[in-house]
Amino acid sequence: MVEDGNKDFLRIPRPSQYDIDTMSASVPIYNTIQAFIRSTSVIDVGTWLAAIWALLTVIRVTGNKSRTTKLRGPKSTSLLFGVGKELFESPDTRVIFEAWSNEYGVAYEVPMVCGQKRIILCDPKAITHVLSRDTWSYVGIPGHRESVSRAVGKGLIWAEGESHRRQRRAIAPSFNSASIRKLGPAIHKTVERLRLAWESEIDTNGSGSVVLDVHKWMSYVSLDSFGIACFSYDFGSLDGKPNSMISVLDAFGAPSSQNFWDNSVLLLSIAFPFVMNMPTSRSKLFDKLRARMTEICDIVIDNATRKNEGASEKEVSTIDLLLTAEDEDSGQRITREEILAQMRVLFLASYETTATTMTWALLELARHPHIQTKLREELLSFSGEPSYDQLTTGFPYLDAVVQETLRVHPTVKGRIRQADEDDDIPLSEPLQTKSGEVVNSIAVGRGTVIGISIPCMNCFEAIWGPDAKVFRPERWLDADGITKKAQEMKGYRPLLTFSDGPRTCIGKLFAVAEIKTVLSVVIKNFVLEMRDGPDTQVESVRGVSSRPKVAGEDGIKVPLRVAQYKT
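Residues numbered from 1 in each chain as written. Predicted model: local features only at pLDDT ≥ 70, side-chain atom pairs only at ≥ 80, totals over all residues. Heavy atoms only, no water.

Draft legend 1. Structural view of empty space enclosed by the protein. Evaluation of the coordinates by the stated rule reveals four cavities of 30 Å³ or more. What the second largest cavity holds in volume is close to 50 Å³. By residue number, the principal contributor to the lining of the second largest cavity is strand 11 (residues 546–550), which donates three residues. Grouping the amino acids of the lining of the second largest cavity by side-chain chemistry returns seven nonpolar, one polar and three charged. (1 Å grid on protein atoms, 1.4 Å probe; cavity = no way out; pocket = protein on both sides within 12 Å on 5 of 7 lines; lining within 4 Å. Points joined across faces, edges and corners; volume = space filled by probe spheres on them. Helix = DSSP H or I, 4+ residues; strand = E, 2+ residues; numbered from the N terminus. Nonpolar A, V, L, I, M, F, W, Y, C, P; charged D, E, K, R; others polar.)

Set out below in C-alpha cells:
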C-alpha cells in the first residue's frame, strides 16, 4: 500500500500543453508504424530498425549533456544488443551482476539494445529510494507494459500512477491477513488431497517409495488450492481431470525458446515496443494463454454473480471481494476488464511462481537431509491442523526454511523501471563515476532506465556475507545471522523477492501461507530424497520464473524419491 505520509507518491504530474500536443500527434504515427510492421518482410523491418537505430544514435550523441550521472560499466559485447543478449541467455545472471558491481561499484551503467543505456543498482539505499517512488516517479518501460497487456490485460501489474493506486486500494482488502486467515482451511483441505494422491502413488508402486516429478505436483496443488480457496472453482488437477488451461500454462512457463527470431524480437522490444506486434511463437502463446484464462475467469465471475444474487448472506471469498471492490476515496469500482486482468495474473502466479518456490523448497530439503529432519521434528511437535496464525508465528524453523527459499531462489528475476521525472538517487557508500569523481548520489534524467537484479541482491556476498549463496535457514534464527547491510533492505523481511513499495506483491500473504501449508503436510508425512543421491547436480532454467531441473537431462522435471514417513 502507498504510505499516506508520502506526498510525492500522491502527486500526479500535470502534463504540459507541449506533452499533450505531442502525445496527440503520436497516436496516428504509432498506428501507422504498427500497420507498417504487419505488412513488411523481416528484411524490410531489419533495414527500417537499423535506420531508426542510426537516428537514435545521433540524438544520443547530440544530447550527451543530459543531467544523468555518467557511470562506469562493462563494454558492449554486441553492436546491436549490447550486453542484453549475454544477460538474456545466461542461466545465472546474479553472478554477472555481482562481478560487475565488485568491479564498478554499487551503481554502474550497462549498454543495452540499439545503444541504449541502463543503470544497474546494487545498493540497498538506492533501491529503496527507487521502489518507494514506483508507479509515479518511476514507471514500467513501454516494451514490458506491451507484453503484460498482451498476456494478461491492463490490470494491476500494467497500471501506473493514479490507475495503479486506485486498483490496488480496491483490491488490497481481498489479500490482507484477515482475508487470508479465512482461506486457511480451504488451502489445507486441498493439500490433504495431495497427501492422499502421493500415498496412492506409493501404494501402487509397491516398493515403499516412488519417484515423482514434484514440480508437476506443486503446480497442481497450487492451482487447485488457489482456485478453490479464492474463486470457488476446482480445476481438478490433483484428481487427474483433463484441463486445457494446464497445458497452456505448462507451455507458457516452459524455458524460453532459443529461436533466434523470437529472442531477437523480445530483445528489440526493449527499444521498439511496437515489434511485439510481429508474429512469433511466443506471441501466439500469449494470445492462446489469455483466451483460455479469460474463458475460466468469465465462468468464475458469472458463477459468483449468480450465487450472490440468490444468497441471503454475503459471501467473503476473494472473487466476491473483487466484484464489489471500490476505491474508498472516489467510490469508483474496478472494471470487469481490470478484474479479469487481475485474475489472469493470480492464476498464472499460483501455477507458476508459487509452485516453483515450493519445488525449490522441497528440492533443498531433499538435498539437505539434516534440515529436512530438523523441520520434521518441529512439525511433529504440533498435533492437529495448524491455523493461519500458528503457521505464521508458531513454527520458527518452518518460517526460516521458507525465508531461505525465498532468498536463494526468487522466482522473479528483476525490476526494470524508467524515470518519469528528473531525480537524485542517494547511495549508502561513495561511488566513483566515469570521470573519476567520487559521489554520494547519482542524478538521473527523465527517461533513464533503472535495473535491479533481485537474485543478485538476495545473495550478494557484500550484503549477506561469505556464505550468501549457501542454503542455511539458521541465519534467520541466529542473533547475528542477518548482517547489518542486509537489514538495510526494506522488502519482505528483508528480501526483494516480493519487491517493495507500492508494487510489492499483493498476493504475498496467500503465497507464504500456501507454501507453509504444503511443507507442513508433506514433511510430516513423507521423506524426500534426490532420485540419484544427494550429489545430484541441479541447474536453473528460465521461463516465466526460474525453474529447477536436473543438470544434463532434457525437460524441466524435478524427480524426487518419495516415501512415507514412519515413526
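Draft legend 2. Fine view of the sheet that holds strand 9 (residues 526–530). Taken in spatial order, the three strands of this open sheet run 4-12-9, and their pairing is antiparallel. One side of each edge strand has no neighbouring strand; the edge strands of this open sheet are strand 4 (209–213) and strand 9. Sheet twist, expressed as the mean angle between neighbouring strand axes with direction ignored, is 35°. One ladder, built from five bridges, connects strand 4 with strand 12 (residues 559–564); its direction is antiparallel. Residue pairing for strand 12: Leu 212 is matched across the bridge by Leu 560. In the packing of helix 10 (residues 214–231) onto the sheet, contacts are made with strand 4 and strand 12, and the angle to strand 4 comes to roughly 70°. (Pairing = 2+ DSSP bridges. Axes fitted to C-alpha atoms, helices over the stretch in contact; angles between N-to-C directions. Contact = heavy atoms within 4.5 Å.)

Draft legend 3. Up close: the pattern of salt bridges. Scanning the entire structure with this criterion turns up 40 salt bridges. Here Asp 134 makes a salt bridge to Arg 415, at a shortest N to O gap of 3.4 Å. Of this pair, Asp 134 sits in the loop between helix 6 (124–132) and strand 3 (138–140) while Arg 415 sits in strand 5 (residues 414–419), and the two are 281 residues apart along the sequence. In this structure, Asp 134 and Arg 415 share a single accessibility class: buried. Sharing partners across several salt bridges, the network here consists of Glu 404, Arg 407, Asp 467, Arg 472, Arg 475 and Asp 478. (Salt bridge = Lys/Arg side-chain N within 4 Å of Asp/Glu carboxyl O. Buried < 20%, exposed > 50% of the residue type's maximum accessible area, 1.4 Å probe, protein only.)

Draft legend 4. Looking closely at the nonpolar core. One finds Trp 198 and Phe 347 to be the most contacted residues of the largest nonpolar core, which totals 140 residues. Here the element with the most residues in this core is helix 15 (residues 336–367); it accounts for 16 residues. Excluding residues within four positions of it along the chain, Trp 198 makes contact with Leu 212, Val 214, Trp 217, Met 218, Leu 362, Val 522, Phe 526, Leu 528 and Val 562. By size, the runner-up hydrophobic cluster in this structure holds eight residues, among which are Phe 81, Cys 114, Leu 268 and Val 275. (Core = buried A, V, L, I, M, F, W, Y, C linked by side-chain atoms within 4.5 Å.)

Draft legend 5. Representation of the layout of surface pockets within the structure. Computed from the structure, the second largest pocket encloses a volume of approximately 450 Å³. Taken together, 23 residues form the lining of the second largest pocket, with Asp 92, Arg 94, Trp 360, Val 408 and His 409 sitting closest to its centre. Sorting the residues of the lining of the second largest pocket by element identifies helix 5 (93–104), helix 15 and strand 10 (538–542) as the ones contributing at least two each. Counting residues per element, the lining of the second largest pocket draws most heavily on strand 10, which supplies five residues. Among the residues forming the lining of the second largest pocket, the class breakdown is nine nonpolar, six polar and eight charged.

Draft legend 6. Geometry of the packing of helix 10 against helix 15. Following both chains from N to C, one finds helix 10 and helix 15 inclined at 140°, their axes separated by 8 Å at the closest point. Of the possible angle classes, the one that applies to helix 10 and helix 15 is oblique. For the pair helix 10 and helix 15, the crossing hand works out as right-handed. Touching Val 214, His 215, Met 218, Ser 219, Tyr 220, Val 221, Ser 222, Leu 223, Phe 226, Gly 227 and Phe 231 of helix 10 are Met 343, Leu 346, Phe 347, Ser 350, Tyr 351, Thr 354, Ala 355, Thr 356, Met 358, Thr 359 and Leu 362, all from helix 15. (Parallel < 35°, antiparallel > 145°, perpendicular 65-115°, else oblique. Left-handed = near helix turned anticlockwise from the far one by under 90°.)

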